[in-house]
Structure formats: structure tokens, C-alpha cells
Amino acid sequence: MYQYDGFDQEFVRQRSAQFRDQVKRRLSGALSEAEFKPLRLMNGVYLELHAYLLRVAIPYGTLSSQQLKRLAMIGRKWDRGYGHFTTRQNIQFNWPKLEDIPDMLDSLAEVEMHAIQTSGACIRNVTADQFSGVAKDEIEDPRPWAEIIRQWSSLHPEFTFLPRKFKVSITGSSEDRAAIKVHDIGLALKKNDHGDIGFEVMVGGGQGRTPMLAQTIRDFLPKSEILPYLEAIMRVYNQFGRRDNKYKARIKILVHETGIEKLRSLVEAEYEALRASFIDLPQAEVSRIQNFFTAPPYQNLEDQEALLNQQAQQNTGFGQWLQANRTGHKQPGYAVVTISLKPIGGIPGDISSDQMDYVADLSERYGFGEIRVTHEQNLVLPDIRQDQLFDLYQDLVSQGLATANAGLISDIISCPGMDYCALATARSIPIAQALSRRFEDITSQQNIGPLKIKISGCINACGHHHVGHIGILGLERKGEEHYQLSLGGHAGFEASIGKIVGPSFKEHQIVDAVETVVQTYLDLRTEDEIFLDTYRRLGDTPFKEALYAAA
Amino acid sequence: MAKKKEGPQIISAHRLRDGRPVFLGKDVIWQDIIDNAVIVHSEKDLETLMVEAKNSVEKQEVVEPYALSVTHEGNMIRPDHYRERIRALGPSILPEFHLQPSFAALESHPTHLPE
């Protein structure tokens, strides 16, 4: 993992001290709310329905056990004993007092964490594939590049007042697990015909009220050129991005209105102009950062399939968990484990402080003290010996953390919705809970196969409903909560925006409606088809008929 | 929330120090429980009450005061909009964090969704 140097430490410490002073001035009245609001937002502090909210950055979803324990302590001491992992690999605390936040930030700074740029019109926390560095299908570990981009974008003086927020995501694998095509910039490390590794740079993805998929602006960019090229994109966006209407201010609108060809020529011209003055990242610095991400001291082990099969046969629950929550590891004898934060009937992404401490301990006992956060609101233990998986599983069971549903229908992404969020138009968590209970049986879930339900409580789409295989959007209609269903969305390299299937459903109808969709798929699927395949083969007609035939 | 021209209304805001929802009560004392809010029935009275609320803003007691429509019966004050009911009560998914306004007894929370 990356470790702060003196510069990083001083930078975060100074920022924390600065915000402490701003809070003091706000409480004394020296700053009005209008003056304070942009300052608190730049430090991840929102004012939500019931309280302030503090959003803490987890750069590219990587946590040390020490950091997770600190988050547990913060939740216990200054919040209500839990935290909520978000679709941008951040954690949110829902109940902090404004006067306590400076102490929370100081406490975070002690473990090399902060809340800088988790809100506001700036470059946000850089997200990445949660399996970076351990994925079997990895071309190159994207974490060093994510860290380089984090350093470049942190308080970049030119990009502090962008037209709107700006999100970057990066993957280094042949499968996109980081939803890069719905980010303002998506970066994919890939190998060209000469065997060189570089970036495919995609731009203009995003969800919200105008969902769009990112388009390729540069098919292959040498790695060493990533910062000047990103700087060129940012400059063009900063100059031409609309500021007259916040709903049209994201770069996706600029791409849409300008056209990718014209935008490319603008970016390339800017790139040529700035190349002369931009100091290339020294290879020594790249190597220094890469050295933080070298492989941990793995033992020379062999794969343990026979043992795991035997244990799975003796313990059905373990077998189901193994099938859903274990992913192949590049190192023989090891496994990547997803810890589902979607217990049946639970709140997606929520974790208690006690559970955080427990997971941190497990990461030390079974791994190398590292934990990952996924954009699907789960946790990952990246380096688990296969011959210790059963022991780990039993430990997870004891804390309610062994739900065998990773990637299945009850592994639902949900934004906080109106239960917390001041922007929401409807609740989303209760819908996720009810769906989870409806499809509770793990055997049935495995029969249904990979199926991603994603729920947002408003049009801003924090719950990624546009790219859910089944997407649900909560809306208000005549003073009541209604839910709009969309089908066929997907967030991988073959991304697609879901299509609204028809009139919305009332709160008491939406769970039945989803079950109707799932049953229609089960009736129509051919062998080996997952839901998305069936939808793409047949379109929405059979689902529409099943949903609205009686109307 | 959009306010209606007629009918009972109250004023709510967030307490500056902790962000908690509060309701403007008698003697300009901000209350945690909605039952203790002052109800007004006319635009004129609402304007007068809002002046008091804005004075509280100037004193760094609260932020973002606004009016909301309610129904009241005896001591019970119940917001007309579901958003305001969730705000006055607590997250529908976490009954252990709920405040106890009188209207709580009428709510079907945490959820009446079929399981």
C-alpha cells in the first residue's frame, strides 16, 4: 500500500487545521452558512435529512487494517457505531456533529486518511478495480497509476472550481469491475499489438438525469503521458464545460454537444501545446510509487481444489459461499474473498464498528492486513490462503458477514435514499431490503445466476440504477413513492444504459414487479444464459407483456 | 418543501451544531419533537414566525429554516409530506433511532412492503 511521505502528511495536517478554523468561525458566526457551505463541501461535509454527513475518501478502495480500525473507532466515538460504504468506494458517517468533525479529521489524518475532494466541483476520489494487484485477468496493476492521479489531482490549483464534479476510474484487467464507462474519465490499461502497455482513455460517461457511456478519446496512450493528457482533458473541460446550467455542466454534456471527434481535436491540440511545458513524471518517481504496491510475501503453495471440494461437500453453506464470494487469485494457493455487506434484509453497504474491527483483525490473521472496498458496496480480503478459506468462512459466519450472495440477485446496490438523503425523492433501502427477503434462498439465487439490481432514490443515480441489469428509480408521484423499472443496463466494458420498461409501480407493487421480471427470464432463458443475455436476445417485449398484461 | 397557501403550517430548520432537524416552538425555542412546534394558519402569521426563525439563523442557532404543511389533532402534529414525516421521525429503516412524536404511532415504518 502507498504510505504518506512528509509532504502528504503535512498537506493533510494543514488542511485539517484549516477546516478546524473554518468550523470555529462558522460556529461563532464569523462565517455565514452561504460562505461556509462551499468550504465544508470541499471537506466532505454535507447537511442531510437528519444530520451532517462526513464522507471519507478511500483512494482506489484500498484500506489497511489500521485504517479500518480507525474508521471503526470514529464510528463508535463520534457517530452511532456504524458506517456506510458507497458506490464510489468511500465511507460515509451519517450522524456527526459539526463541532466534532475537526477531531474526526485529525483522527483520520493520523492514519493517512482524509475527506478532501469527496464533494464539490473538483476531481473526486479516484476509484479502481477492487481486485487490483491480485486479479487473474490483470494486464497491469492500476493502483500505482491511481495513486499518481490522486496526487496530481489533490488540490490541483487549476481544477478546484470546475463546472461540476469530476470522477475518474481505472482498471487494469480484461474485465471492468470498476464501472469505468460511467465515469467522467475511464482508464483501462491494455496491451497493444507491439506488446506495450498503455491506457485506453474514455471520456464523458456518467449517470444522473442524462445517462451516457464514456467514449474513447485516445485508443492507446503511453503510460508515461497520462498526467499531461489528463491535464489537457481537464483544461478543455474547464474552458468549454457549461457553467450556465448545473444539469448540463458535466463533461458528458460537453462530449455530447461538441461531438467526440471535435473534442478529441481540442484535447489533442491542448495536449500538444502543454507538452512542452509539462514536466514528465520522472521514471524514478513512478518506480518509487510502484514499489509501494509490490506483491506481499506469498508462500509457494499449490491450489487446493480437492480440499475445497471436500469441505464444500461437507458444508453446503461453505460451498455456496465459495462459489459466489471467492474469486481466482493470480498466485497459486491463494484466493480473493468478497465479504458481502448485503445480509438478507440488511442495509446495503452498512457495517457496524464492531464488524469493521473484526474484518480488520481477519485481514491481519488470514491476509497481509489489507482490505478493499468495492463500488458494489462490499469488502474484499485480497490475499487468503485457500487452505484457510474454511476457517475464515466460519469466522465470518460468527459475525453475520458470510452471506453467500456476491454477484447474485440479493447483492443489491442501493443509495441511502430518502431515509438519509436530502436530495432523494423516495426511499431506496427498504426496497433493497424487501427484495433481499423475497429472494432470500441462496439456492434459488444461484439458480437465477448473476443478476445485478441497482436502486437509486432520485434521478441523480448514486445507486447506479441506469446500469443495473434491473434498475429501480424512486420517484414522487402525487405525494407518494413510486418506482420506475429499467432493464438491460450493465456496467462492464460491454456497458449499456437500461431501458425504462413502462409506467412506474407503487411501493407495494415494486417487489412483485421485479419477481415477475425474474420469473419471465427464468421461463425464457436458454441454457447458460444469465439475465442480461436473455434480455439482450429478446429485448423488453416479453418483460413488458408479463408486467403490464393485466393492466 | 412547497408550502400550501392555506392550512396549518410550522417552521423547521437544522440545528447548526449537530445538523439535527428542529421545529420552531413557543418563545423561539427550537424543539426536537415536532409536537412542540408552533402552528400558524395564515400567511401573515407564517411571515411573522419566519422573521423569528431568521433571527435564529443570525444568532447561529439554526440553518435553512423553511415552512411545511402539517395536519394536527390534539397534541399531534403530522407533516403532510412523507419526506417530512421521515425527517421528523428518523430513518424508516432504523426504528431504534426514532424520535417519538405523537404521529409515530400512525406510521407503518419501518416499511409496509410485502416480504
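Bear in mind that the values here come from a model prediction, so they are computed numbers and not experimental data.

(A) Examining the overall build of chain A more closely. The helix and strand tally for chain A stands at 18 helices and 21 strands. Dimensions along the principal axes, computed over C-alpha positions, put chain A at roughly 60 × 60 × 60 Å. Relative to its full complement of 551 residues, chain A shows a buried share of 63%. Taking contacts inside chain A between residues at least 6 apart in sequence as the whole, the part at least 24 apart equals 68%. For chain A, the exposed surface amounts to about 20,400 Å²; the carbon and sulfur share of it is 48%.

(B) Representation of the pattern of salt bridges in the model. As enumerated under the stated definition, the model contains 51 salt bridges over all chains in all. Between Glu84 of chain B and Arg87 of chain B there is a salt bridge, with the nearest N and O atoms lying 3.9 Å from each other. A residue pair is termed a helical-turn pair when its members lie 3 or 4 positions apart in one helix, as Glu84 of chain B and Arg87 of chain B do in helix 2 (residues 82-89) at three residues. One exposure class covers both Glu84 of chain B and Arg87 of chain B, and it is buried. Within the structure, one salt-bridge network assembled from shared partners comprises Asp129, Asp137, Glu175 and Arg177 of chain A.

(C) Highlighting the layout of surface pockets. In this structure, the second largest pocket occupies an estimated 730 Å³ of space. For the lining of the second largest pocket, the class distribution of residues is 10 nonpolar, 13 polar and eight charged.

(D) How the structure looks around the sheet that holds strand 9 (residues 197-203) of chain A. Residue and element names in this part refer to chain A. The five strands are arranged 6-7-8-9-10 in an open sheet whose pairing can be described as mixed. Every other strand in the sheet has two partners, leaving strand 6 (127-128) and strand 10 (215-222) as the edge strands with one partner each. Pairing analysis gives two bridges linking strand 6 to strand 7 (residues 168-171), with the strands arranged parallel. Paired with Thr127 across the strands is Ser169, a residue of strand 7. Against the sheet, helix 8 (residues 260-275) makes contact with strand 9 and strand 10, and its axis sits at roughly 35° relative to strand 10, the strand it touches most.

(E) Expanded view of the sheet that holds strand 5 (residues 91-93) of chain A. Residues and elements named next belong to chain A. Spatially, the five strands line up as an open sheet ordered 1-2-5-4-13, and their pairing is antiparallel. A single partner strand is all that each edge strand has here, and the edge strands are strand 1 (45-47) and strand 13 (350-352). Mean inter-strand twist for the sheet, computed between neighbouring axes without regard to direction, equals 30°. With respect to the sheet, helix 4 (residues 101-110) is in contact with strand 1, strand 2 (52-56) and strand 5, its orientation differing from that of strand 2 by roughly 15°.

(F) Local environment of the packing of aromatic side chains. All names here are of chain A. Tallied over the entire structure, the rule returns 22 aromatic pairs over all chains. Taken together, a centroid distance of 6.0 Å and an interplanar angle of 65° make the contact between Tyr60 and Phe293 edge-to-face. In this pair, Tyr60 sits in the loop between strand 2 and strand 3 (62-64) while Phe293 sits in the loop between helix 9 (283-290) and helix 10 (305-314), placing the two residues 233 residues apart along the sequence. Note on accessibility: Tyr60 and Phe293 belong to one class, buried. Directly above the ring of Trp95 sits Arg80, whose terminal nitrogen or CZ lies 3.8 Å from the centroid. The ring centre of Tyr247 lies 3.8 Å from the NZ or CZ of Arg209, which sits over that ring.

(G) Molecular detail of the domain arrangement of chain A. Residue and element names in this part refer to chain A. The domain architecture assigned to chain A consists of domain 1 (6-110), domain 2 (127-292), domain 3 (305-313 + 336-396) and domain 4 (413-548). Taking the mean C-alpha position of each, domain 3 and domain 4 sit 27 Å from one another. In this complex, domain 3 contributes 10 residues to the contact, which on the side of domain 4 involves 12 residues. When domain 3 packs against domain 4, close to 900 Å² is buried across both sides, 55% of that on carbon and sulfur atoms. In terms of surface lost to domain 4, no three residues of domain 3 exceed Ile344, Gly345 and Glu376, which account for 48% of the buried area on that side. Taken together, the connections running from domain 3 to domain 4 amount to one salt bridge. On inspection of domain 3 and its partner domain 4, the count reaches four residue pairs in polar contact (both at pLDDT 80 or more). Each residue belonging to the side of domain 3 that touches domain 4 can be placed in one class, and the counts come to four nonpolar, four polar and two charged.

(H) Spatial organisation of the side chain of Lys165 of chain A. All names here are of chain A. With respect to the helices, strands and loops of the structure, Lys165 is situated in the loop between helix 5 (143-153) and strand 7. Although Lys165 lies buried, it forms no salt bridge, and the closest oppositely charged side chain, Asp184, sits 8.0 Å away as judged by the N-O distance. Leave out the neighbours within four places in its chain, and Lys165 touches Gly120, Ala121, Cys122, Arg124, Asp184, Tyr237 and Arg250.

(I) Structural view of helix 10 of chain A. Residues and elements named next belong to chain A. Restricting attention to buried positions, one finds in helix 10 the residues Leu308, Gln311 and Ala312. Taken end-on, helix 10 shows its buried residues confined to a sector of 100°, consistent with a single buried face. Exposed side of helix 10, more than 90 degrees from the buried face: Ala306, Gln313 and Gln314 are the residues found there. Looking at the buried residues of helix 10, the elements they touch are helix 11 (316-325), strand 11 (326-328) and helix 13 (389-398).

(J) Local environment of the environment of Phe19 of chain A. Residues and elements named next belong to chain A. For Phe19, the position within the fold is in helix 1 (residues 6-28). Look at Phe19 and you get buried, because its relative accessible area is 0%. Once residues within four sequence positions are removed from consideration, Phe19 is found in contact with Phe36, Leu39, Arg40, Asn43, Val45, Ile101 and Leu105.

(K) Here's a closer look at the interface of chain A and chain B. Taken together, the contacts link 41 residues of chain A with 29 residues of chain B. Together, Leu49, His50 and Met418 of chain A form the three largest contributors to the area buried by chain A at its contact with chain B, with a combined 18%. Between the two partners, chain A and chain B, sit one salt bridge. Applying the counting criterion to the chain A and chain B interface returns 10 residue pairs in polar contact (both at pLDDT 80 or more). Those elements that place two or more of their residues in the side of chain A that touches chain B are helix 1, helix 2 (33-41), helix 14 (429-438), strand 18 (470-477), strand 19 (480-487) and helix 16 (507-524) of chain A. The dominant element in the side of chain A that touches chain B, judged by the number of residues it contributes, is helix 14 of chain A, at seven residues.

Reading the values: the criteria
- Residues numbered from 1 in each chain as written.
- Chains lettered and ligands numbered in written order.
- Predicted model: local features only at pLDDT ≥ 70, side-chain atom pairs only at ≥ 80, totals over all residues.
- Heavy atoms only, no water.
- Helix = DSSP H or I, 4+ residues; strand = E, 2+ residues; numbered from the N terminus.
- Buried < 20%, exposed > 50% of the residue type's maximum accessible area, 1.4 Å probe, protein only.
- Contact = heavy atoms within 4.5 Å.
- Areas by Shrake-Rupley, 256 points an atom, 1.4 Å probe, with all protein chains shown as cover.
- Salt bridge = Lys/Arg side-chain N within 4 Å of Asp/Glu carboxyl O.
- 1 Å grid on protein atoms, 1.4 Å probe; cavity = no way out; pocket = protein on both sides within 12 Å on 5 of 7 lines; lining within 4 Å.
- Points joined across faces, edges and corners; volume = space filled by probe spheres on them.
- Nonpolar A, V, L, I, M, F, W, Y, C, P; charged D, E, K, R; others polar.
- Pairing = 2+ DSSP bridges.
- Axes fitted to C-alpha atoms, helices over the stretch in contact; angles between N-to-C directions.
- Phe/Tyr/Trp six-rings, centres within 6.5 Å; stacked < 30°, edge-to-face > 60°.
- Lys NZ or Arg CZ within 6 Å of the ring centre and 35° of its normal.
- Domains from an automatic or database assignment.
- Buried area = accessible area lost by both parts, 1.4 Å probe.
- Polar contact = N/O pair within 3.5 Å; in protein donor to acceptor, adjacent residues only side chain to side chain.
- Lys, Arg positive; Asp, Glu negative; His and termini not counted.
- Arc of directions from axis to C-beta.

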